[in-house]
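# Residue-level structure breakdown
Each chain, letter by letter, is given below.
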Amino acid sequence: MAKKIESAYKKRVDGRAFDELRPIKAKVGVIPSADGSAMYQSGKTRAIAVVRGPRTLHPKHMENPQRGVLRVTYQMMAFSVWDRIKPGTSRRSQEIGKVSEWALGEIVDLDAFPNSVVDVIIQIPQADAGTRVAGINAAVMALAQAGVPMKEMISAIAVGKMDKTLVVDVNKEEEDFEEGEGPTDVPIAITSKSNEIALLQLDGKMSIPELKELIKMAKVACKKINDIQTKALKEPGKEITG
Ligand code: CDP
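Since we're looking at a predicted model, the values are computed, not measured. (Residues numbered from 1 in each chain as written. Predicted model: local features only at pLDDT ≥ 70, side-chain atom pairs only at ≥ 80, totals over all residues. Heavy atoms only, no water.)

In total, this model carries one aromatic pair according to the counting rule given. Ring plane angle 75° and centroid distance 4.8 Å describe the contact between Tyr-9 and Phe-177, whose orientation is recorded as edge-to-face. Here Tyr-9, found in the segment before strand S1 (24-28), pairs with Phe-177, found in the loop between helix H3 (172-175) and strand S8 (183-191); they are 168 residues apart in sequence, far enough to count as distant. (Phe/Tyr/Trp six-rings, centres within 6.5 Å; stacked < 30°, edge-to-face > 60°. Helix = DSSP H or I, 4+ residues; strand = E, 2+ residues; numbered from the N terminus.)

Spelled out as structure tokens, the structure:
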């Protein structure tokens, strides 16, 4: 029998099982003027992604005749959290834009659009933790709707450790849990076919077995998210829940 681990985090603040996702909503085609667009919501965290392109890259000297450029920007809206978010970029928004770009760069077939750029704009109207993973989930649906060639899809989830308890889909109240070893938040993105890790960030402490277990939990959650993304792509304009 597995050894029981004593942890200060015994019950989730919102009553979910430790491996349970927040309710999901997903919709493709939310901004009609865009080449591709999508909304992905997990609990109170909502992300909208818009894709423009492939289109000519300016300035011209940045063009690459070998492969295209993927450019991702991320921003939280002023009213997305209780304290107003200052308009414009911040170190945090730039970091999230870059890590989202690297994750999506794993699947987008850049060779298919030389000399061109695909812009992915991620906006967060409502934030309750896990905005970067919600943004990636929305972005990949928007890219697919725009017809940007991709080798496979990506789904993303924030898993974590509250004191010694491993949990799936961390919300903001959990991110602020300070007892025992405190909270560790681990955003992970998994590719849909090759089942590879396209993003993994970790700010905190954990053992290798704990991290391996969290990756397993993330892969199960990402399968469920991928099902919802796939359904949303088959029925643009319809909100899919799960
Ligand atoms: O959102 P994500 O978990 O990907 O990134 P984070 O930097 O770990 O932020 C966690 C949460 O803190 C966000 O989702 C927001 O709910 C909140 N936050 C905030 O209230 N004010 C900020 N300036 C930044 C984040």
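More follows now that the structure is in view.
An order of S7-S6-S8-S9 is seen for the four strands of this open sheet, with the pairing classed as antiparallel. Each end of this open sheet is capped by a strand with a single partner; those strands are strand S7 (165-168) and strand S9 (197-200). Recorded for the sheet is a direction-independent mean angle of 20° between the axes of neighbouring strands. Across the sheet, helix H2 (residues 131-145) lies against strand S6 (154-162), S8 and S9, angled at about 170° from S6, the strand it touches most. (Pairing = 2+ DSSP bridges. Axes fitted to C-alpha atoms, helices over the stretch in contact; angles between N-to-C directions. Contact = heavy atoms within 4.5 Å.)

All right, on to the environment of Arg-22 then. By the secondary structure assignment, Arg-22 is in the segment before S1. When its relative accessible area of 5% is taken as the criterion, Arg-22 is described as buried. Setting aside anything within four residues of it in sequence, one finds Arg-22 in contact with Arg-16, Ser-42, Gly-43, Lys-44, Thr-45, Asp-128, Ala-129, Asp-169, Val-170 and Asn-171. Polar side-chain contacts of Arg-22 include one of 3.4 Å to the backbone oxygen of Val-170. (Buried < 20%, exposed > 50% of the residue type's maximum accessible area, 1.4 Å probe, protein only. Polar contact = N/O pair within 3.5 Å; in protein donor to acceptor, adjacent residues only side chain to side chain.)

A word on the environment of Thr-45. Within the secondary structure layout, Thr-45 lies in strand S3 (residues 45-56). Accessibility expressed as a relative area gives 0% for Thr-45, which makes it buried. Each C-alpha atom, one on Thr-45 and one on Arg-132, is 10.0 Å from the other, the two residues being 87 residues apart in sequence. Setting aside anything within four residues of it in sequence, one finds Thr-45 in contact with Arg-22, Tyr-40, Gln-126, Ala-127, Asp-128, Ala-129, Gly-130, Thr-131 and Ala-134. Of the polar contacts made by the side chain of Thr-45, one reaches the backbone nitrogen of Asp-128; its length is 2.8 Å.

For the rest of this paragraph, the subject is the site of the ligand. Near the ligand you find 13 residues, and of these Arg-92, Ala-129, Gly-130, Thr-131 and Arg-132 are the closest. In the environment of the ligand, an oxygen atom lies 2.7 Å from a nitrogen or oxygen atom belonging to the side chain of Arg-92. Between an oxygen atom of the ligand and a main-chain N or O atom of Gly-130, the distance comes to 2.9 Å. Taken by itself the ligand offers 510 Å² of open surface, and the protein chains cover 73% of this. (Near = heavy atom within 4 Å. Areas by Shrake-Rupley, 256 points an atom, 1.4 Å probe, with all protein chains shown as cover.)

A few words now on the packing of H2 against helix H4 (residues 208-234). Interhelical geometry of H2 versus H4 gives an angle of 35° and a closest axis separation of 10 Å. The handedness of the crossing between H2 and H4 comes out as right-handed. Where H2 abuts H4, its residues Asn-137, Val-140, Met-141, Ala-144 and Gln-145 lie against Ile-225, Gln-229, Ala-232 and Leu-233. For the contact of H2 with H4, the residue count by class is six nonpolar, three polar and no charged. (Left-handed = near helix turned anticlockwise from the far one by under 90°. Nonpolar A, V, L, I, M, F, W, Y, C, P; charged D, E, K, R; others polar.)

With that out of the way, let us pick up the sheet that holds strand S2 (residues 36-42). Strand order in the open sheet formed by six strands is S4-S5-S3-S2-S1-S10, with mixed pairing between adjacent strands. Where the open sheet ends on each side, the last strands, each with one partner, are strand S4 (69-76) and strand S10 (240-241). By the bridge criterion, seven bridges tie S2 to S3 in an arrangement that is antiparallel. Bridging from a neighbouring strand, Tyr-40 pairs with Ala-47 of S3. Those strands touched by H2 are S1, S2, S3, S4 and strand S5 (116-126), and its axis lies near 150° from that of S2.

Right, let's get into helix H1 (residues 91-105). Across its 15 residues, H1 extends 21 Å between first and last C-alpha, which sits within 8% of the 21 Å expected from 1.5 Å per residue. What H1 keeps buried is the set Ser-93, Ile-96, Gly-97, Val-99, Ser-100, Glu-101, Ala-103 and Leu-104. Along its buried surface, H1 packs onto S4, S5, H2, S6 and S9. (Expected span 1.5 Å × (residues − 1).)

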